[in-house]
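The primary structure of each chain is shown beneath.
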Amino acid sequence: QVQLVESGGGLVQAGGSLRLDCAASGRTFSSYSMGWFRQAPGKEREFVAAISWSGGITDYADSVKGRFTISRDNAKNTVYLQMNSLKPEDTAVYYCAAGNTIVAIVRGVIDSWGQGTQVTVSS
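The structure contained in this document is the topic of the report that follows. (Residues numbered from 1 in each chain as written. Predicted model: local features only at pLDDT ≥ 70, side-chain atom pairs only at ≥ 80, totals over all residues. Heavy atoms only, no water.)

## Remarks on the state of the cysteines
Under the defined criterion, the tally for this structure stands at one disulfide. Between Cys22 and Cys96 runs a disulfide, and the two sulfur atoms are separated by 2.1 Å. The sign of the S-S torsion, about -85°, decides the handedness of the disulfide formed by Cys22 and Cys96: left-handed. In this pair, Cys22 sits in strand S3 (residues 18-25) while Cys96 sits in strand S9 (residues 92-99), placing the two residues 74 residues apart along the sequence. Of the two residues, Cys22 and Cys96, both sit in the buried class. (Disulfide = S-S within 2.5 Å. Helix = DSSP H or I, 4+ residues; strand = E, 2+ residues; numbered from the N terminus. Buried < 20%, exposed > 50% of the residue type's maximum accessible area, 1.4 Å probe, protein only.)

Given below as structure tokens:
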């Protein structure tokens, strides 16, 4: 398994931007597809974005398409989530996740979770 640590969360006004980083430990990072999920208060955790091991394939939830971009740097063992045009409804704890494939991640079949980072968007 790979260990994941998120950073970059915070408070931002609506319309602003944030970038989340997820640093992974372990030599197997480049073999994993990676993803981001989020959980708002009182709601279930939901899929946000995923990226294949090579970075060549990505997938997004409809709610974030055109606003969020997932990317990865295998040399740095890090996956990123660039969030633009943020809305109050994007407020949630964001979790980094590792899985075998993008399909597995979208289905919630996760090998490793990060501890989460809070993102708060004020109106």
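## Some details on the packing of aromatic side chains
In the structure shown here, the tally under the stated rule is three aromatic pairs. Pairing Phe37 with Phe47 gives two aromatic rings, centres 5.8 Å apart and planes at 75°, and the pair type is edge-to-face. Of the two residues, Phe37 sits in strand S4 (residues 33-39) while Phe47 sits in strand S5 (residues 46-51), which places them ten residues apart along the sequence. By the burial criterion, Phe37 is buried, and Phe47 matches it. Pairing Phe37 with Trp113 gives two aromatic rings, centres 5.0 Å apart and planes at 70°, and the pair type is edge-to-face. (Phe/Tyr/Trp six-rings, centres within 6.5 Å; stacked < 30°, edge-to-face > 60°.)

None of this, on its own, says anything about what the molecule does.
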